[in-house]
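A structural walkthrough
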Amino acid sequence: MDSATKSAELKQSEEELRKQAKRIIRKKQGDQKRPTHLFMHEKCLTEIPKPKNETHVIYAYYHNNYLSKIENLEGLHNLTHLHLQWNNITKIQGLENMHKLKKLYLSNNKISVVENLENMKYLEELHIEKQNVNSSDSLCFDPRTVIAIGASLRILNVSENKLTDVAWAKPLRRLEVLIAKKNKLEDFTDVADDLCTLVSLVDINFLGNPMAKKHRYKETLIARCAQLRVLDTIVLHSMSKTFLRSFDKAVRLRQMHEKNKISMTRQGADEFFELNMLPGPRAQSAAAISEFSNQKPRDLYLGESLPETSTLEPLQFYRDYVSKNIPVILRGGCSTWPATKKWNANYFKEKIPDKKVTVAVTPNGLADGITVNEKGIEHFVMPYEMEMTMAEFLDCLENKR
């Protein structure tokens, strides 16, 4: 009996020791477990606090707060998912160190310009719908940012942003899904031409746009975007796509024949190449050879005239010129500067008469220019430079007059 009792007690003590050892191991493992998820949503935050264990965080949730600025996130180097939707954020900033970020959620904020995302080489999804709901201004896109994320971005949601065109999307060469519902897109032919070169784009959603109600909207998009598989949530069948492409080609050929448009002009070349499965943007070089071979580059890119304006707001400058890569001349930008009224010869003589200046002295007033010698040969020449005081320089100008 005694031996049996002792053996039972030994077994019981061994079992208790095993349980204690397991509890100790589980506790150590729990202490060593890294917090990869940072839950800071719905906490009525007005500022982003400095996160702990920054290098361990992979998912960060800051949505449904009252944040107006993106800050204190510089240390989240390993972050791959960032949720900032439903806040009051006005500018995209403070994300320069997030090189591993794959998904960024910024919907329902007050952002005006998509910018400062140049360092996100692995960004795959960008959700930036419903910005500035109470404003009449549309969302703008910084060309530098669009080009930078174009190598990786696959899914983009820009719904309800009052967009009037999609020309900004041309550099997004790896884009697969574009959601642009409830915007102000009117011309479906321009939209089709802008998207036809995105060979990876297979899913488009334009529901709620004015162009979606127009005649031949779906037919044109399906015919010109050969890679498309889903349009406005409807799956496209290959037979329908083939038929619509042939139908669209026949219609445009007939229209061109009726109006006698096929000619050796830029427009005619573009239309000819487009109908032969070479979209307009790809035919630019061919058209340029036929029509513009003897013209200067200035005429190719700037045209005959440039737009001019005297007042231009920063957001308007982004939207109308920067995002479309169009130059503009600003007139009267310095008209209110005090220098326009103060600066003259007497003013400089009084303020800096002894200031040393370097003057380029030439016989014809052309410095760093081309000069023809006595034999009629052209040479690029540098001006003769001499140093004098400001007073002496101004005296020379007055005596020359």
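A short tour of the structure in this document, coming up.

The rules behind each value
Residues numbered from 1 in each chain as written. Predicted model: local features only at pLDDT ≥ 70, side-chain atom pairs only at ≥ 80, totals over all residues. Heavy atoms only, no water. Helix = DSSP H or I, 4+ residues; strand = E, 2+ residues; numbered from the N terminus. Contact = heavy atoms within 4.5 Å. Areas by Shrake-Rupley, 256 points an atom, 1.4 Å probe, with all protein chains shown as cover. Buried < 20%, exposed > 50% of the residue type's maximum accessible area, 1.4 Å probe, protein only. 1 Å grid on protein atoms, 1.4 Å probe; cavity = no way out; pocket = protein on both sides within 12 Å on 5 of 7 lines; lining within 4 Å. Points joined across faces, edges and corners; volume = space filled by probe spheres on them. Nonpolar A, V, L, I, M, F, W, Y, C, P; charged D, E, K, R; others polar. Pairing = 2+ DSSP bridges. Salt bridge = Lys/Arg side-chain N within 4 Å of Asp/Glu carboxyl O. Phe/Tyr/Trp six-rings, centres within 6.5 Å; stacked < 30°, edge-to-face > 60°.

1. Points about the overall build of the protein
Secondary structure assignment for the protein yields twelve helices and 18 strands. Restricting to contacts in the protein with at least 6 residues of sequence separation, those with at least 24 account for 43%. Carbon and sulfur atoms form 53% of the exposed surface of the protein, whose accessible area is close to 25,600 Å².

2. Side note on the side chain of His 63
Inspection of the secondary structure puts His 63 in the loop between β2 (59–61) and β3 (81–83). Looking at His 63, the relative accessible area reads 14%, which means it is buried. Those residues in contact with His 63 that lie beyond four places of it in its chain are His 41, Glu 42, His 83, Leu 84, Gln 85 and Asn 87.

3. Thoughts on empty space enclosed by the protein
Sizing a probe to match a water molecule and rolling it over the atoms shows the empty space that remains. Counted by the stated rule, this structure contains one cavity of 30 Å³ or more. In terms of lining, the largest cavity is formed by Val 114, Leu 126, Phe 141, Thr 145, Val 146, Ile 149, Leu 153, Leu 156, Trp 168 and Leu 172. Among the elements that make up the lining of the largest cavity, the one with the highest residue count is helix α2 (residues 143–149) (three residues). Its residues placed into classes, the lining of the largest cavity shows nine nonpolar, one polar and no charged.

4. Here we look at unusual backbone geometry
With a phi close to 55 degrees, Lys 182 is a non-glycine residue in the positive phi region. Its place among the elements puts Lys 182 in the loop between β9 (177–179) and α3 (188–195). Judged by its relative accessible area of 53%, Lys 182 falls in the exposed class.

5. Some words on the sheet that holds β3
Spatially, ten strands are ordered β1-β2-β3-β4-β6-β8-β9-β10-β11-β12 in an open sheet, and the strand pairing comes out mixed. In the strand order of this sheet, the two ends are held by β1 (37–39) and β12 (234–235), each with one partner. Relative to β3, β2 runs parallel, the two sharing three bridges. Bridging from a neighbouring strand, Tyr 61 pairs with His 83 of β3.

6. A short note on the pattern of salt bridges
Applying the stated criterion across every chain, the model contains 13 salt bridges. Glu 186 is paired through a salt bridge with Lys 214; the nearest N and O atoms lie 3.6 Å apart. Taken together, the positions of Glu 186 in the loop between β9 and α3 and Lys 214 in the loop between β10 (203–205) and α4 (217–224) put the pair 28 residues apart, joining distant regions of the chain. The class for Glu 186 is partly exposed, based on a relative accessible area of 43%. The shortest N-O distance in the salt bridge between Arg 331 and Glu 308 comes to 3.3 Å.

7. So, the packing of aromatic side chains
One pass over the structure, following the stated rule, counts six aromatic pairs. When the centroid spacing of 3.9 Å and the interplanar angle of 10 degrees are considered together, the rings of Phe 141 and Trp 168 count as stacked. Highlighted residues: Phe 141 in strand β7 (residues 140–141) and Trp 168 in the loop between β8 (155–157) and β9, separated in sequence by 27 residues. On the basis of relative accessibility, which here comes to 4%, the residue Phe 141 falls in the buried class. Ring geometry for Trp 343 and Phe 348: centres 5.6 Å apart, planes at 55 degrees, overall tilted. A residue is classified by how much of its surface remains accessible, and Trp 343, at 55% relative accessible area, is exposed. The exposure class assigned to Phe 348 is partly exposed, which follows from its relative accessible area of 22%. Site record: aromatic cluster; members linked through ring pairs are Trp 343, Tyr 347 and Phe 348.

8. Examining α4
Judged by how many residues are buried, α4 sits mostly within the fold: six of eight residues are covered. Looking at α4, one finds that the buried residues are Tyr 217, Thr 220, Leu 221, Ile 222, Ala 223 and Arg 224.

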